[in-house]
Amino acid sequence: MKKWIIVLGTVLLLSTISISSIYAATDTPEKSHHNWAEYGVDYHEVDGGTHEYSYWKNFIKRNRTCQITHVIKTITFYCDKHDHTRSNTVLEKTKHSHHHSN
Ligand SMILES: [Zn+2]
Ligand SMILES: [Zn+2]
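Described below are features of the structure shown in this document. Just so we're clear, the structure is a prediction, and the values are computed from it rather than from any experiment. (Residues numbered from 1 in each chain as written. Chains lettered and ligands numbered in written order. Predicted model: local features only at pLDDT ≥ 70, side-chain atom pairs only at ≥ 80, totals over all residues. Heavy atoms only, no water.)

1. Points about the pattern of salt bridges
Where we set the bar: In what follows, salt bridge is the name for a side-chain nitrogen of Lys or Arg lying within 4 Å of a carboxyl oxygen of Asp or Glu. Put simply, DSSP H or I for four residues or longer makes a helix, DSSP E for two residues or longer makes a strand, and each gets a number counted from the N terminus. Exposure is judged per residue with a 1.4 Å probe applied to protein chains only, and the accessible area is read against the type maximum: over 50% gives exposed, under 20% gives buried, and values in between give partly exposed.
Taken as a whole, this structure holds two salt bridges when the rule is applied. Between Lys-95 and Glu-45 there is a salt bridge, and its shortest N-O distance comes to 2.8 Å. Here Lys-95, found in strand β3 (residues 84–96), pairs with Glu-45, found in strand β1 (residues 36–57); they are 50 residues apart in sequence, far enough to count as distant. Under the relative-accessibility criterion, Lys-95 is labelled partly exposed at 34%. Of the charged contacts, one joins Glu-92 and Lys-73 as a salt bridge, the two residues approaching to 4.0 Å between their closest N and O atoms. Taken as a pair, Glu-92 in strand β3 and Lys-73 in strand β2 (residues 60–79) lie far apart in primary sequence, 19 residues in all.

2. Here we look at the pairing of β1
The criterion, for reference: Any two strands are treated as partners once DSSP identifies two or more bridges connecting them.
Sheet topology places β1 next to β2; 19 bridges connect them, and they run antiparallel. The residue of β2 that forms the bridge with Glu-52 is Thr-65. Remark: two residues form the turn of the hairpin made by β1 and β2, two consecutive strands paired antiparallel; Asn-58 in that turn has positive phi of roughly 55 degrees.

3. Comments concerning the coordination of the zinc ion (ligand 2)
Here is the rule we go by: Coordination partners: N, O, S within 2.8 Å of the metal, 3.2 Å for Na, K and Ca; water not considered, so apparent gaps in a site are possible.
His-51 (NE2), Cys-66 (SG), His-96 (ND1) and His-100 (NE2) make up the full set of protein donors to the zinc ion (ligand 2), lying at 1.9 to 2.4 Å. All donors of the zinc ion (ligand 2) come from a single chain, and their spacing in sequence reads H-x14-C-x29-H-x3-H. Residue His-96 is classed as partly exposed on the basis of its relative accessible area, which comes to 36%. The class of His-100 is partly exposed, set by a relative accessible area of 23%.

4. Focus on the sheet that holds β2
Rules: Each axis is a line fitted through C-alpha atoms, and for a helix only the stretch in contact is used; angles between axes span 0 to 180 degrees, taken between their N-to-C directions.
Spatial ordering of the open sheet is given by β1-β2-β3, a layout of three strands whose pairing is antiparallel. The open sheet has two free edges, formed respectively by β1 and β3, since each of these has just one partner strand. Shown here is a sheet whose adjacent strand axes are inclined to one another by a mean of 10 degrees, direction ignored. Across twelve bridges, β2 lies against β3 in antiparallel orientation. Each bridged residue has a counterpart across the sheet, and for Ile-68 the counterpart in β3 is His-96.

Read these as geometric descriptors, not functional statements.
The structure is reproduced here in structure tokens:
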């Protein structure tokens, strides 16, 4: 008999969880109506390591080490409706310390 009470209790608990998740789901569309506005743009550089490239000088093939830098662009958005922010990070460009074709 005691075992059945535990089982029943577990079923009730699980149904309570699923009901609350349904409520949470129906709550979402309302919250998705944001009023996102661009708040600011920020750039920062990330070390992309080095790589070797070859070039010709006076008919001699030479090797040189090039430093790669990734420029990361972070756009921050602000929603005044719910007073929260979100950011979008994109790779703006990849810079090489030396100009080379290969
Ligand atoms: Zn919002
Ligand atoms: Zn390079």
